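# Structural description and commentary
Chain by chain, the residues run as shown.
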Amino acid sequence: MGLELYLDLLSQPCRSIYIFARSNNIPFEFKHVELFKDSVLGKKQAAGSGAEQPRAGPSNSEGAGKISLLKKVPALKDGDFTLAECTAILLYLSRKYNTPDHWYPSDIQKRARVDEYLSWHHANIRANAPKTMWIKVLIPLFTGQPLPSEKLQEVMEGLSTSLKQFEERFLQDKAFIIGSEISLADLVAIVELMQPVGVGCDIFEDRPRLMEWRRRVEDAVGKELFFQAHEMILNIKELSNIQIDPQLKEHLAPVLMKMMK
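Keep in mind it's a predicted model, so treat the numbers as computed, not measured. (Residues numbered from 1 in each chain as written. Predicted model: local features only at pLDDT ≥ 70, side-chain atom pairs only at ≥ 80, totals over all residues. Heavy atoms only, no water.)

We now examine the packing of aromatic side chains. Taken as a whole, this structure holds 10 aromatic pairs when the rule is applied. Ring plane angle 50° and centroid distance 5.7 Å describe the contact between Tyr117 and Trp120, whose orientation is recorded as tilted. Of this pair, Tyr117 and Trp120 both sit in helix α4 (residues 108-123), separated by three residues, roughly a single helical turn. Just as Tyr117 is buried, Trp120 falls in that class too. Seen from their ring centres, Phe166 and Trp213 are 5.1 Å apart, and the 65° between their planes marks the pair as edge-to-face. Of this pair, Phe166 sits in helix α7 (residues 149-171) while Trp213 is found in helix α9 (residues 208-221), placing the two residues 47 residues apart along the sequence. Judged by relative accessible area, which is 0%, Phe166 ranks as buried. Note on Trp213: relative accessible area 0%, which makes it buried. One aromatic cluster is present, formed by Tyr117, Trp120, Phe166, Phe170 and Trp213 through successive ring pairs. (Phe/Tyr/Trp six-rings, centres within 6.5 Å; stacked < 30°, edge-to-face > 60°. Helix = DSSP H or I, 4+ residues; strand = E, 2+ residues; numbered from the N terminus. Buried < 20%, exposed > 50% of the residue type's maximum accessible area, 1.4 Å probe, protein only.)

So this is what it looks like as C-alpha cells:
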C-alpha cells in the first residue's frame, strides 16, 4: 500500500503539501477531501492524469476522518502509519524521501531559521490572511448578507502589519527566507498569501520586494504546478452563484457570524 495524501486544495496547508510532494516527485495517491462535504465548497475538480493529480469522484471526507484523529485535512497515510498537521507531514515527507537539503537544511542555524518562521507564521500571517476569504466570499454566501466594510479593513490592517514584519524581519534583502534557496518556510508562507489574492485583495501590489519573492517561489516550484495548485482558490468567486443546502446554511451561518465578531 503506497502513500496516500488526503487534501482539499482550497486549504492553504493542503496546497503546501501538494506542491512539495509534486515538486519533489514523491509518488502518492491524491485523496480528494471536500472540506464542506455536499456543500457549495464540495465542487469536484476536473479529472487529472496520473495518480498524483486531483481527480473527480466521490469525496474521501469519511476516509480522512478515520485517518486523522482531529478529523481534518491535511492527513497522511503511509501503510499502517497515519499523520496529521501540515508541518509534521512536510517534515515526514522531507525525511522519508530525502528531499534536497534546502527545503529543511541540515545546517543547524539555517534549520532554526525555518523553525523560527514556522513558529511566527501561525500567529501572524495565518491569523489574518485567511479571514479575507471568509469576509468577502464565504460568510456572505452562508449568511446571505455582506459583512461591514470596516471588518475587511480591520483584517487588512492586521495583515499589512504582518507583511511589513515579514519583509523586514524574515525576507530582508535575501532571495528567500533563509537565503538563496527556497525552503519549507517560503512554501508555507506563499500558499497563505495567495488566499487574499483569490478574493481580489492583491497584497503583492505596491510591494515590489514581496512580488519579486513570490515570482522566485513560483519559479522554484514551477509555474505550472504553482497555478494548478491554486486554481480553485483563484476561481473561488464562482461559488457565489451556487445554491447552498438549506440545512447546511442553517447550521453554519450562526457559527460563521460568531467567528467574525
